[in-house]
Amino acid sequence: MKKRFYITTPIYYPSAKLHIGHAYCTVLADVFARYKRMRGFECYFLTGADEHGQKIERNASLANKTPQEFVDGIVEGFYKLWDLLEISNNDFIRTTQERHWLRVQEIFTKLLENDDIYLGKYKGWYCKDCEAFWTDTQVGENHICPDCGREVQIAEEEAYFFRTSKYVDRLLKFYEENPNFITPESRKNEMINTFIKPGLDDLCISRTSFSWGVPIRENPKHVIYVWLDALTNYITALGYNTENPELFDKFWQDEECEIIHLLGADITRFHAIYWPMFLMSLGLRIPDREFIHGLLMMKDCKMSKSKGNVVDPYPLVEKYGLDAVRYYLVREVIFGQNGSFTPEQFVERINADLANSFGNLLNRTIGMMNKYFQGQIPEYKGNVTPFDGELSSFAKAVINRYELCMDDLKITDAFIAVNELVQRANKYIDETTPWVLAKDESKKEELASVMNHLANTIYTAAILYQPVLVKAAEKALDQLNVPQELRNYENVYKFGVLGGQTVNKAEALFPRLDSAIEVEFIKNLMGGK
Ligand SMILES: [Zn+2]
């Protein structure tokens, strides 16, 4: 196990407001970072914004703003959303920041000096009116500019290219020696069979047809185009190469740090093929793992504003609370697969896992503690009832499963395990029937043991829930009056540490939602569909 972690999300493109699909990736990264920190590891968590390019330049001019004013306005919204979701990132990189610009220019120079870059010609569909190049897919069969609707022509412009051919063999060898580099593995096979084997073209890394980008020092009419600018954010944010050598060594070059990129399937090619090649050319370490998450979609199609099916996270958080939204995101979509947001499933998930399972268990337990023991948690006395041993072993097994899953970024599975523990505890109440034990004075010790086991199981679940339920887990610990010194993760391994404390007032962590009313409410948020 490595002793330090560096986790990143992609830098998001500020051409529109962020929706719940963006929140998905960032919350996953946040849960991982909080988990590692909870266990006492250093974890550096980066997110940011990819602010250059033709589309920004055009959208800004349509909005009558300079590109910088335009992106500043949108990025303000990013900051607000991450604040709202209590994202614990250590840094937020913007590609328009000087710290990034200067370093990208240096990187370009290095690649040029290595003879990994040459000046060639870029050929593509060009719209004279928009002064823009478009891809085959964008112009379609009729060769129409997707922006102004006029006909496009094949045109050429001078551009710099990165020599991918020089690194193909090294990349394939790297894949072979590092079988865990890309998860899920099917994505790696796709890279090899779809992109690498048929022959990889050199990558175009500059443009002269627009100016909103990092200018190339050696030839300032060119700006650095997309991927060389965007991907290098992962190292420029750490202060590569002269800005903060200490931070860069600690979280990039040092083998004791595990480097993890989270990303969506649509940008896998750039992260899995070109990014390692750039790093090879720079003589730098290649990340340990790239996790390709699925998309959070609306039923059968991708979320898009024009379809009126975008879910805005703000009103969801306002209405249902931060923890409900965070929990839904990590629990509903199996990591690596696509998932779909539906109002019904959102309400159902909160009711089933949070209100009926975890919240209800806490509430019932505190109620019984008050009724039978004047609110005091009885001391742990080992296995007293025939069901005690099974519950405490189950709790230990869940901790183990949780850690294995979290360490391997199977975040959904980790919380499924915690939820099973909560359900097991609810079943334990049915098995031990404390209300029956309470009627028989000779069963007092058994009743005490049941209460203790319940309190310790809730305590375990609350500790494990902390990275995702940033407010409710603490509230649960407060209601059980867990002393600060027992809130360190290390204590979770010792089942039975809780006992003797007097519980606080029970308050519902997650009120049960009325399904029909709430589904209607969310549908209205989404534009009445
Ligand atoms: Zn046009």
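Since this is a predicted model, take the numbers as computed values, not measurements.

Undergrad: Sorry if this is basic, but what is going on with the packing of helix α7 (residues 185-196) against helix α11 (residues 268-282) here?
TA: Two quantities define a packed helix pair, namely the angle between the axes and the distance from one axis to the other. Interaxial distance between α7 and α11 falls to 11 Å at its minimum, and their mutual angle equals 75°. With respect to α11, the element α7 is oriented roughly perpendicular. Counted together, Arg187, Met191, Phe195 and Ile196 of α7 and Thr268, Arg269, Ala272 and Ile273 of α11 form the full contact between these two elements.

Undergrad: Could you clarify how one ought to interpret the pattern of salt bridges in this entry?
TA: Charged atoms that come close allow side chains of opposite charge to pair. Counting across every chain of the model gives 38 salt bridges. Across the pair arginine 207 and glutamate 157 runs a salt bridge whose closest N-O atoms are separated by 3.9 Å. Of this pair, arginine 207 sits in strand β9 (residues 206-207) while glutamate 157 sits in strand β6 (residues 153-162), and the two are 50 residues apart along the sequence. The buried category is assigned to arginine 207, whose relative accessible area is 5%. A salt bridge links lysine 221 to glutamate 158, with the nearest nitrogen and oxygen atoms 3.5 Å apart. Of this pair, lysine 221 sits in the loop between β9 and β10 (223-224) while glutamate 158 sits in strand β6, and the two are 63 residues apart along the sequence. Here the residues in one salt-bridge network are Lys2, Glu255, Arg285 and Asp288, joined through shared partners.

Undergrad: When you look at the side chain of arginine 285 in this model, what are you seeing that I'm missing?
TA: In this fold, arginine 285 is placed in the loop between α11 and β12 (289-293). Polar contacts involving the side chain of arginine 285 include one to the main-chain carbonyl oxygen of aspartate 254, which spans 2.7 Å.

Undergrad: I tried to follow the packing of helix α12 (residues 313-320) against helix α20 (residues 515-525) on my own but got confused; where do I start?
TA: Relative orientation of the contacting elements α12 and α20 amounts to 155°, with a least axis distance of 10 Å. The orientation of α12 with respect to α20, classified from their angle, is roughly antiparallel. When you trace α12 past α20, the crossing you get is right-handed. Side by side, α12 and α20 meet where Pro315, Leu316, Lys319 and Tyr320 of the first sit next to Glu518, Phe521, Ile522 and Leu525 of the second.

Undergrad: Hey, could you run me through unusual backbone geometry in this one?
TA: Leaving glycine out, the prevailing phi sign among residues is negative, and the prevailing peptide bond configuration is trans. In the segment running from threonine 183 into proline 184, the intervening peptide bond is cis, with an omega of -5°. Tracing the backbone shows proline 184 in the loop between β7 (182-183) and α7. At the junction of tyrosine 240 and asparagine 241, the peptide bond is cis and its omega measures out at 10° in the coordinates. Within the element layout of this structure, asparagine 241 appears in the loop between α9 (233-236) and α10 (245-253). We note that leucine 409 has phi near 55°; this positive angle belongs to a residue other than glycine. Within the secondary structure, leucine 409 sits in the loop between α15 (388-407) and α16 (411-432). In this structure leucine 409 comes out as buried when scored by relative accessible area, which is 1%.

Undergrad: Is there a simple way to think about the sheet that holds strand β11 (residues 257-264) in this case?
TA: The strands making up a sheet associate through hydrogen bonds between their backbones, and the pairing can be parallel or antiparallel. In spatial order, the strands read β3-β2-β1-β11-β12-β7; together these 6 strands make up an open sheet with parallel pairing. Both edges of this open sheet fall to β3 (91-94) and β7, since each of them pairs with a single strand only. Bridging between strand β2 (residues 42-49) and β3 involves 4 bridges; their strand directions are parallel. Along β3, the bridge assignment pairs glycine 48 with isoleucine 93. Strands in contact with helix α3 (residues 67-84) are β1 (4-12), β2 and β3; relative to β3, the strand with the most contacts, it is inclined by about 160°.

Undergrad: In this structure, what is going on with the packing of aromatic side chains? I would like to understand it.
TA: Each aromatic ring pair is specified by the distance between its two centres and by the angle formed by the two planes. Under the criterion given, the structure shown has 34 aromatic pairs. Look at tyrosine 6 and tryptophan 252: their rings are 6.0 Å apart centre to centre, the planes differ by 70°, and that puts the pair in the edge-to-face class. Residue tyrosine 6 is located in strand β1, and its partner tryptophan 252 is located in helix α10; the two are separated by 246 residues in the primary sequence. Here the two residues tyrosine 6 and tryptophan 252 agree in accessibility, since each one is buried. Centroid distance phenylalanine 162 to tyrosine 167: 5.9 Å. Interplanar angle 15°. Geometry classified as stacked. No difference in accessibility class separates phenylalanine 162 from tyrosine 167, as the two residues are buried. Here the aromatic cluster, defined as three or more aromatic residues joined through ring pairs, consists of Tyr6, Tyr44, Tyr234, Tyr240, Phe248, Phe251, Trp252 and Trp275. The cationic tip of lysine 319 hangs over the ring face of phenylalanine 521; the distance from NZ or CZ to the ring centre is 4.2 Å.

Undergrad: What is the right way to look at the environment of valine 482 in this model?
TA: Looking at where valine 482 falls in the secondary structure, it is placed in the loop between α19 (472-479) and α20. By relative accessible area, valine 482 is classed as buried at 3%. The spacing of valine 482 and valine 503 is 21 residues in sequence and 8.5 Å in space, taken between C-alpha atoms. Among residues more than four places away in sequence, those in contact with valine 482 are Tyr459, Leu477, Arg487 and Leu498.

Undergrad: Could you clarify how one ought to interpret the domain arrangement of the protein chain in this entry?
TA: How big an interface is tends to be stated in terms of accessible area lost as the parts join. As assigned here, the protein chain comprises domain 1 (4-116 + 163-293) and domain 2 (342-493). Here domain 1 and domain 2 have C-alpha centroids that lie 41 Å from each other. Across the contact, 14 residues belong to domain 1 and 16 residues belong to domain 2. Our count for the domain 1 to domain 2 interface comes out at 5 salt bridges. Between glutamate 86 and lysine 471 there is a salt bridge, with its nearest N and O atoms 2.7 Å apart. In this structure, the connection of domain 1 to domain 2 is made through 5 residue pairs in polar contact (both at pLDDT 80 or more). Only α1 (20-38), β11 and β12 provide two or more residues apiece to the side of domain 1 that touches domain 2. Sorting elements by how many residues they give to the side of domain 1 that touches domain 2 places α1 first, with 7 residues.

About the criteria used
- Residues numbered from 1 in each chain as written.
- Predicted model: local features only at pLDDT ≥ 70, side-chain atom pairs only at ≥ 80, totals over all residues.
- Heavy atoms only, no water.
- Axes fitted to C-alpha atoms, helices over the stretch in contact; angles between N-to-C directions.
- Helix = DSSP H or I, 4+ residues; strand = E, 2+ residues; numbered from the N terminus.
- Parallel < 35°, antiparallel > 145°, perpendicular 65-115°, else oblique.
- Contact = heavy atoms within 4.5 Å.
- Salt bridge = Lys/Arg side-chain N within 4 Å of Asp/Glu carboxyl O.
- Buried < 20%, exposed > 50% of the residue type's maximum accessible area, 1.4 Å probe, protein only.
- Polar contact = N/O pair within 3.5 Å; in protein donor to acceptor, adjacent residues only side chain to side chain.
- Left-handed = near helix turned anticlockwise from the far one by under 90°.
- Pairing = 2+ DSSP bridges.
- Phe/Tyr/Trp six-rings, centres within 6.5 Å; stacked < 30°, edge-to-face > 60°.
- Lys NZ or Arg CZ within 6 Å of the ring centre and 35° of its normal.
- Domains from an automatic or database assignment.

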